[in-house]
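Structure at a glance
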Amino acid sequence: MDLLYYPGCTVKTSAKCLETSGFAVIKALGHNLVEMEEWNCCGVVASLTDDDLMHHLAPLRNLIHAEDQGQEKIVTFCDMCGNTLKQTNLRVQESEEDFDTLNNFMDQEEDYKKSVDVQHFLEFLRDDIGFAKLKKSVKKPLKGMKIMPYYGCTMLRPREVAIDDAEEPTILADLLKALGAEVIDTPYKIECCGSYHTIEQKDLTAKRAYRISQAAKDAGADAIMLSCPMCKFNLDYRGKDAEKIFDGYKQIPIYYYTQLLALALGLDVENCEFESHTVDPIPLLKEKKVI
Amino acid sequence: MSTEANNEAARQANAADTPEVSIVNIFVMGKRYQVPAGLTIMAAIEYAGYQLIRACGCRAGFCGACSTVYRKDDEQKLHFALACQTTVEDGMYLVQIPFVPASKAKYMIEDLKAEENTILSMYPEIARCVSCNTCTKSCPQDIKVMMYIQNALRGDIAKAAELSFDCIQCGMCAMRCPADIKHYHVGQLARRLRGKYIDTQSQDLKKRVAEVEGGQYDKEIEELVGMSEEQLRGLYNKREIEAKKKKKEGE
Ligand code: SF4
Ligand code: SF4
Ligand code: FES
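Residues numbered from 1 in each chain as written. Chains lettered and ligands numbered in written order. Predicted model: local features only at pLDDT ≥ 70, side-chain atom pairs only at ≥ 80, totals over all residues. Heavy atoms only, no water.

Some points on the packing of helix α6 (residues 121-129) of chain A against helix α12 (residues 257-264) of chain A
Two numbers describe a pair of packed helices, the interaxial angle and the distance between the axes. Residue and element names in this part refer to chain A. Between α6 and α12, whose axes approach to 11 Å, the crossing angle comes to 45°. The angle between the axes of α6 and α12 places the two elements in the oblique class. Here α6 runs over α12; the crossing is left-handed. Touching Phe 121, Leu 122 and Leu 125 of α6 are Tyr 257, Thr 258 and Leu 261, all from α12. Residues of the contact of α6 with α12, tallied by class, amount to five nonpolar, one polar and no charged. (Axes fitted to C-alpha atoms, helices over the stretch in contact; angles between N-to-C directions. Helix = DSSP H or I, 4+ residues; strand = E, 2+ residues; numbered from the N terminus. Parallel < 35°, antiparallel > 145°, perpendicular 65-115°, else oblique. Left-handed = near helix turned anticlockwise from the far one by under 90°. Contact = heavy atoms within 4.5 Å. Nonpolar A, V, L, I, M, F, W, Y, C, P; charged D, E, K, R; others polar.)

Written out as structure tokens, the structure reads:
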């Protein structure tokens, strides 16, 4: 099946490994992601905290581009892009007045027909493919890997656009089980990583990375698996910074679910682009004989 | 012949002698002037008695000095044009924007690398783009301005360079952007990075530069410098035009 793919800026710059491993996975599953012919920045989640319609233009424009291409669904890897696109999609469904204002502003463009569905790649795996079926495609189970699934905020909040239960999400844990890993569950799975504070308040974010990763370690995890590029940066990069703040602390590796999925499907480790990570994820994989 | 027909004939004959010039009303900074239709905005402003010291350069649509903003009498929309390229229309309210304040990042192109975040680190404000597309709608060159900013943001330098190629740095986009982006400097950086680091270098050019630097043409240049205007003109007229030569060879 060909799926229309919305990348977003982050997977084209600092989170390329998410895209590369995701593409490898989808190909192995017999589907194809086709990048949208024209797209712009999703507008980023934080912009929607201002209640001005201006910031809904960027996401709406992308939804219109999808319609231009005759598609009813776009799939994205990035939690933040998915969240922003979904929020705007919801806003124009719910408020006819806002929808009119936006359409009037974009007077040279086609009006949005509200026909596009925004899907996170995780939703595609869970709802369209199904974890049970995915499990059958696993060639190299992640046996012996003790991993804490980490959800962060943007795939779960606000509730209206969440892809899972905001308090007790299971989607990543279910995926991990399908891949043969041991799930380490802690309440820190939904603790905020610090998000954009990483720009201005590096220490604050480093301390949060420490709290989350330490909770995982205390519960017996060797690593964390997540989906969001922002969380990944904070837990991996700022987590490394935390080693300078907390004596004797050692940051555990952070994996994207697409990377572990690629390995479990028996794909070459090259597809994971682990060299872009701060904490080297390879030694653990070797120790557990995954690669 | 009736008097009516006579009159009509006279009128037509008259019209043939002195073609009727229709006059349009334009407003320069709020003051009304009647100018002949068919003039460019620039010529019309001069016809109205202004002397252009700024807001005028090449008069050929290349320099970007003559940006003009106008709105027609009863129109809701604002328009953007180059004064030297656009003809006047009745009811235009005009203003020239000879200069746009837009600071340029300082860099040594040799010290940069063409990486995903190179442009973003020089012009971090591109991340503020809300995709309103106002810049695109303001561009007298019909450039997809928003899309070149968006490509710069996602680190696609080659595409940003390609989309901004026709930019003449008039600055209209930068005056209109709600995110205060300085688009044309961003496009210029993209093109410089692409030219220096992404496109394959022309081997012929390299060879020719080496020849020039090696002094191969010094004598010829000296001869040219010493010639009179007449000699130069003669030489110019006799020059060999490559395209013509190729055509001949083909025949
Ligand atoms: S991109 Fe901006 S500066 Fe360049 S020609 Fe268009 S409006 Fe003028
Ligand atoms: S005018 Fe500014 S904010 Fe609007 S699309 Fe252009 S660059 Fe983005
Ligand atoms: S005077 Fe140079 S572009 Fe108009």
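Now that the structure has been shown, the text picks up again.
A closer look at the pairing of strand β3 (residues 67-72) of chain B
Residue and element names in this part refer to chain B. Counting buried positions along β3 gives five out of six residues, so the element sits mostly inside the fold. Summarising the sheet, β3 and strand β4 (residues 79-82) pair through four bridges and their orientation is antiparallel. Counterpart to Thr 68 in the pairing with β4 is Ala 81. Where β3 folds back on β4, the antiparallel hairpin that results is connected by six residues. In this sheet, strand β5 (residues 92-96) lies alongside β3 in antiparallel orientation, the contact comprising five bridges. Following the sheet pairing, Tyr 70 is matched in β5 by Leu 94. (Buried < 20%, exposed > 50% of the residue type's maximum accessible area, 1.4 Å probe, protein only. Pairing = 2+ DSSP bridges.)

Quick word on the site of ligand 2
As a structural note, the neighbourhood of ligand 2 is formed by 13 residues, with Cys129(B), Cys132(B), Asn133(B), Cys135(B) and Cys177(B) the closest of them. Residues belonging to the shell around ligand 2 are distributed by class as follows: nine nonpolar, four polar and no charged. (Near = heavy atom within 4 Å.)

A closer look at the interface of chain B and chain A
In this complex, chain B contributes 16 residues to the contact, which on the side of chain A involves 18 residues. Together chain B and chain A conceal approximately 1500 Å² of surface at their shared face, both sides included; 54% is due to carbon and sulfur atoms. Contact with chain A buries area across many residues of chain B, yet Val130(B), Lys137(B) and Arg154(B) alone supply 38% of it, more than any other trio. At the surface where chain B touches chain A, the tally comes to four salt bridges. Residue Lys16(A) pairs with Glu116(B) through a salt bridge whose shortest N-O separation is 2.4 Å. Along the contact surface separating chain B from chain A lie eleven residue pairs in polar contact (both at pLDDT 80 or more). Counting residues per element, the ones that place at least two in the side of chain B that touches chain A are α4 (134-138) and α5 (145-153) of chain B. Top element by residues in the side of chain B that touches chain A is α5(B). It accounts for four residues. Looking at the side of chain B that touches chain A, its residues break down into six nonpolar, five polar and five charged. (Buried area = accessible area lost by both parts, 1.4 Å probe. Salt bridge = Lys/Arg side-chain N within 4 Å of Asp/Glu carboxyl O. Polar contact = N/O pair within 3.5 Å; in protein donor to acceptor, adjacent residues only side chain to side chain.)

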